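Spelled out from the first residue to the last, the chains are:
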Amino acid sequence: MKSLSVLELSKLYNINRQTIYNHINKGILSKNSDNKIDLAEAIRVFGEPIRKQDVKETVKVDSPNSAEVLLLRQQIDILKNQLDDAKDRESFYQNQIETMQRLLEAPKPHIPTSIDPEPTQAEQITEDKEEVIAMPQKEPDTSENKRIPVPEQVEPEQPKRGWLSRFFLPNG
């Protein structure tokens, strides 16, 4: 059978430990050699226990007041706040990007393609303006540096020599 200590027996029967010790001293209750009391002996003296030892009290896991649930709810609230802040930052930066793109947009020059054989009237006007604005080309000036051809006096390239041949054959 199962052996119980004095403390376990007092909790099982909801009696004082001193009462159990008094019963042991009077000889009403006996202990084993390992100073524990056999459950059958306790049942003989005190009767069936009020509550069984193997039955545990039920623990409410889903109770709203439990510390874990409160902690998880706090973490959820913190994460929601962080998500809202991130969304605000994203919209602010998106607005900044759009503003910068509007500021950086410049009029794009129209390049006539080979598909359009005839330029439109607006393109002809812009081409005429470009011709008026274009600077006249300078005539070549004789004072500028011109490339003077240098006669080529090419010496034949020496064959590459290894490291040791530089010392043993210095002149060649």
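Residues numbered from 1 in each chain as written. Predicted model: local features only at pLDDT ≥ 70, side-chain atom pairs only at ≥ 80, totals over all residues. Heavy atoms only, no water.

**Q** Could you clarify how one ought to interpret the overall build of the protein in this entry?
**A** The number of helices and strands found in the protein is six helices and two strands. Of the regular secondary structure in the protein, the N- to C-terminal order runs β-α-α-β-α-α-α-α. Counting across all 172 residues of the protein, residues that qualify as buried make up 9%. Approximately 16900 Å² of the protein is accessible, and the part contributed by carbon and sulfur atoms is 54%. (Helix = DSSP H or I, 4+ residues; strand = E, 2+ residues; numbered from the N terminus. Buried < 20%, exposed > 50% of the residue type's maximum accessible area, 1.4 Å probe, protein only. Areas by Shrake-Rupley, 256 points an atom, 1.4 Å probe, with all protein chains shown as cover.)

**Q** Would you take a moment to explain the UniProt feature "coiled-coil region" (unreviewed entry) in the protein for this structure?
**A** With numbering aligned to this structure, UniProt lists the feature "coiled-coil region" (unreviewed entry) at residues 69-103. Within residues 69-103, the helical portion is 100% and the strand portion 0%, while the C-alpha atoms at the span's ends are 51 Å from each other. (UniProt positions renumbered as here; feature names shortened; annotations may be inferred.)

**Q** Would you mind showing me how to read helix H3 (residues 39-46) here?
**A** Since one α-helical turn is 3.6 residues long, residues separated by three or four positions face the same way. Looking at H3, one finds that the buried residues are Leu 39, Glu 41 and Ala 42. One side of H3 holds all its buried residues, which, seen down the axis, span an arc of 155°. Tucked into the core, H3 has its buried residues touching strand S1 (3-4), helix H1 (6-13) and strand S2 (37-38). Positive phi appears at Gly 47, one or two residues downstream of H3, with a value of about 90°. (Arc of directions from axis to C-beta. Contact = heavy atoms within 4.5 Å.)

**Q** I would appreciate a short explanation of the packing of aromatic side chains in the present structure.
**A** Two numbers describe a pair of aromatic rings. These are the distance of the centres and the angle of the planes. In total, this model carries two aromatic pairs according to the counting rule given. On the basis of an interplanar angle of 45° and a centroid distance of 5.4 Å, the ring pair of Tyr 13 and Phe 46 is categorised as tilted. Pair noted here: Tyr 13 is in helix H1 and Phe 46 is in helix H3, with a separation of 33 residues, a long-range link. (Phe/Tyr/Trp six-rings, centres within 6.5 Å; stacked < 30°, edge-to-face > 60°.)

**Q** Is there a simple way to explain the packing of H1 against H3 in this structure?
**A** The relative placement of two packed helices is expressed as an angle between their axes plus a distance between the axes. The contact between H1 and H3 brings their axes to 12 Å, and the two run at 45°. Taken together, the axes of H1 and H3 are oblique relative to one another. The two elements H1 and H3 meet at a crossing, and its hand is right-handed. From H1, Leu 9, Leu 12 and Tyr 13 reach across to H3, where they touch Leu 39, Ala 42, Ile 43 and Phe 46. Looking at the contact of H1 with H3 residue by residue, the classes come out as seven nonpolar, no polar and no charged. (Axes fitted to C-alpha atoms, helices over the stretch in contact; angles between N-to-C directions. Parallel < 35°, antiparallel > 145°, perpendicular 65-115°, else oblique. Left-handed = near helix turned anticlockwise from the far one by under 90°. Nonpolar A, V, L, I, M, F, W, Y, C, P; charged D, E, K, R; others polar.)

**Q** How do you make sense of the confidence of the model for the protein when you look at a structure like this?
**A** Low pLDDT means the predicted atomic positions in that stretch should not be read closely. On average, residues of the protein score 75 in pLDDT, and 62% of them reach the 70 mark or higher. pLDDT under 50 marks residues 129-134. Its contacts with residues more than four places away, or in other chains, come to zero contacts. (pLDDT = per-residue confidence, 0-100.)

**Q** Before we go on, may I ask you to explain the side chain of Glu 41 in this structure?
**A** Structurally, Glu 41 is set in helix H3. Using a relative accessible area of 17% as the deciding quantity, one classes Glu 41 as buried. Side-chain polar atoms of Glu 41 contact the side chain of Ser 30, separated by 3.4 Å. (Polar contact = N/O pair within 3.5 Å; in protein donor to acceptor, adjacent residues only side chain to side chain.)

**Q** Looking at this structure, I do not really get a nonpolar patch on the surface. What am I missing?
**A** The grouping of Trp 163, Leu 164, Phe 167 and Phe 168 at the surface amounts to a nonpolar patch, some 560 Å² of accessible area in total. With respect to the helices, strands and loops of the structure, Trp 163 is situated in helix H6 (residues 163-168). The exposed category is assigned to Trp 163, whose relative accessible area is 60%. (Patch = residues over 30% accessible without salt bridge, like charges linked within 9 Å, V, L, I, M, F, W, Y side chains within 5 Å. Salt bridge = Lys/Arg side-chain N within 4 Å of Asp/Glu carboxyl O.)

**Q** Would you mind showing me how to read the nonpolar core here?
**A** A general tendency of soluble globular proteins is for nonpolar side chains to be buried together. In terms of nonpolar packing, the biggest core is built from 11 residues, these being Leu 4, Val 6, Leu 9, Leu 12, Tyr 13, Ile 20, Ile 24, Leu 29, Ile 37, Leu 39 and Ala 42. At the level of elements, H1, helix H2 (17-26) and H3 are the ones that each hand at least two residues to this core. Top element by residues in this core is H1. It accounts for four residues. Excluding its chain neighbours within four sequence positions, the residues that come into contact with Leu 39 are Lys 2, Leu 4 and Leu 12. (Core = buried A, V, L, I, M, F, W, Y, C linked by side-chain atoms within 4.5 Å.)

**Q** How should the environment of Leu 12 be read in this particular structure?
**A** Along the chain, Leu 12 turns up in helix H1. Its relative accessible area of 7% is what places Leu 12 among the buried residues. The spatial distance from the C-alpha of Leu 12 to the C-alpha of Glu 48 is 9.9 Å, given a sequence separation of 36 residues.

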